Amino acid sequence: MKRLALFAILIFSISAVFAQKGKVSAASGYLDTNDVDAAKKAIDQAIEHEKSKDWPKTYIIAAKVYTELSKSGQDADGIKKAVDFYKKAIELDQKGDAKGKGIGKYEKEIKLQLTFFKPDLTNSGIEGFNTENFEQALFAFENVLYINALPMFQEEAPGIDTAIVYNCALAAYNAKDWNRAEQYFNQSIDLGYGGGDAVLLLDQVFDASGDSTKVAENLQRGFQKYPEDERILTTLIQYYLDAQQNDAALEYLNTAIEKDPENPSFYYARGVLYENIDKDEAIKNYEKCLEIDSKFFNALYNIGVIYYNKGVEQQNVANDKTTTKEFNAAMEVANEFWEKSLPYMESAHEVQPEEAAVLETLKGLYYRFERMDKYNEVKAKIDALN
């Protein structure tokens, strides 16, 4: 009788195990017939039951169920739960059973399901960007990186998806998660992805987080990697100008010009630097810029402004004179500066016809030189812009 009783207990225990594992199979079957509600009910019971809560298969199916719940809009956190379930399945599969046997038994199945799951995770990230739910986007893309980094995937495609790293950086930036934004932008720059945008966005991260000590290092690295990106160079120069480190700014510009003497932007940038030091040197550099690119708007405009302001300064000098002769002599010099300014402003207007600052300057110059036909023409253009 005792032996029969023990046998009966054993049969009952095995039946209980299979009953709960049967819930997992049932959930899988319900998924095949698109009965997601029934699948959820069955898998939730299996997750909670002592006999099936440590079975990797339980969590593989749970992940599939909650992915479908997310797609159908029944569970807003379905994708997040699916990620957790896949991670749990991997953890249990790497442990094996109670005796440490069967390690990796479900690896192929997990890999197959994760392969199908990655597009769902990617779509969740895209949806996060589209709906401005950047925390969702960051979670999704970070976990794409997690999946890609698993040994089971590295064997076939070693390396890292640079576009996903950059998406993580953008999501963290927009979520104002400055620490992770810094991490992923740095990684993107190291991987050579994102170009100058990654460098400049990281610069904004440091500005937003108040971590100014890293700004120069980031911009220097960016300039070395992308010397053709004028934005980085200009930002770097501005940083040194703001820090009153003109020598450092000039050093970078001189190096840039040595590397690429036919790049007009470098001469323009050096002209900007010299405007605070020596206006004549600034003009020389702007002129060199225009030798290479005669339609470089900022160089045309800046030379025009320099000569125009020299005229205004000379007018102030004239106003301080005490005799008519001295006043007229000083005003002749002022007019010479304004005459030099005029052709540059006219050329700048040809390049950007609707630039209001240029039009206003031209209006003043034409008035001074009593060229009323031109004055009225420019005035009409200004009125049309307003």
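Residues numbered from 1 in each chain as written. Predicted model: local features only at pLDDT ≥ 70, side-chain atom pairs only at ≥ 80, totals over all residues. Heavy atoms only, no water.

The protein chain carries the name Tetratricopeptide repeat protein in an unreviewed UniProt entry, which gives Carboxylicivirga mesophila as its organism.

**Side note on the UniProt feature "repeat: TPR" (unreviewed entry) in the protein chain**
Mapped onto the present numbering, the UniProt feature "repeat: TPR" (unreviewed entry) falls at residues 63-96 and 230-263. When the span residues 63-96 is considered, its composition is 79% helix and 0% strand, and the gap between its end C-alpha atoms is 19 Å. Here residues 230-263 runs as 79% helix and 0% strand, with 10 Å between its end C-alpha atoms. (UniProt positions renumbered as here; feature names shortened; annotations may be inferred. Helix = DSSP H or I, 4+ residues; strand = E, 2+ residues; numbered from the N terminus.)

**As for the side chain of His349**
Take His349: it is sitting in helix 17 (residues 324-351). For His349, a relative accessible area of 12% puts it in the buried group. There is a polar contact of 2.9 Å between the side chain of His349 and the side chain of Lys381. In contact with His349, other than residues within four places in its own chain, are Val358, Leu359, Leu362 and Lys381. (Buried < 20%, exposed > 50% of the residue type's maximum accessible area, 1.4 Å probe, protein only. Polar contact = N/O pair within 3.5 Å; in protein donor to acceptor, adjacent residues only side chain to side chain. Contact = heavy atoms within 4.5 Å.)

**Focus on the packing of helix 4 (residues 78-95) against helix 5 (residues 107-130)**
Relative orientation of the contacting elements helix 4 and helix 5 amounts to 160°, with a least axis distance of 11 Å. Comparing the axis directions of helix 4 and helix 5 gives the class roughly antiparallel. Here helix 4 runs over helix 5; the crossing is left-handed. Contacts between helix 4 and helix 5 pair Ile79, Ala82, Val83, Tyr86, Ala89, Ile90 and Asp93 from the former with Glu107, Ile110, Gln113, Leu114, Phe117, Asp120, Leu121 and Ser124 from the latter. (Axes fitted to C-alpha atoms, helices over the stretch in contact; angles between N-to-C directions. Parallel < 35°, antiparallel > 145°, perpendicular 65-115°, else oblique. Left-handed = near helix turned anticlockwise from the far one by under 90°.)

**Some thoughts on the environment of Lys41**
Here Lys41 is to be found in helix 2 (residues 36-48). In sequence terms Lys41 and Val65 are 24 residues apart; their C-alpha atoms lie 9.9 Å from each other.

**A few points about the nonpolar core**
In this structure, Ile43, Val65, Ile110, Leu114, Phe117, Leu121 and Phe185 are the most contacted members of the largest nonpolar core, which totals 114 residues. Not counting the four nearest positions on each side in its chain, Val65 is found in contact with Leu31, Val36, Ala39, Lys40 and Ile43. (Core = buried A, V, L, I, M, F, W, Y, C linked by side-chain atoms within 4.5 Å.)

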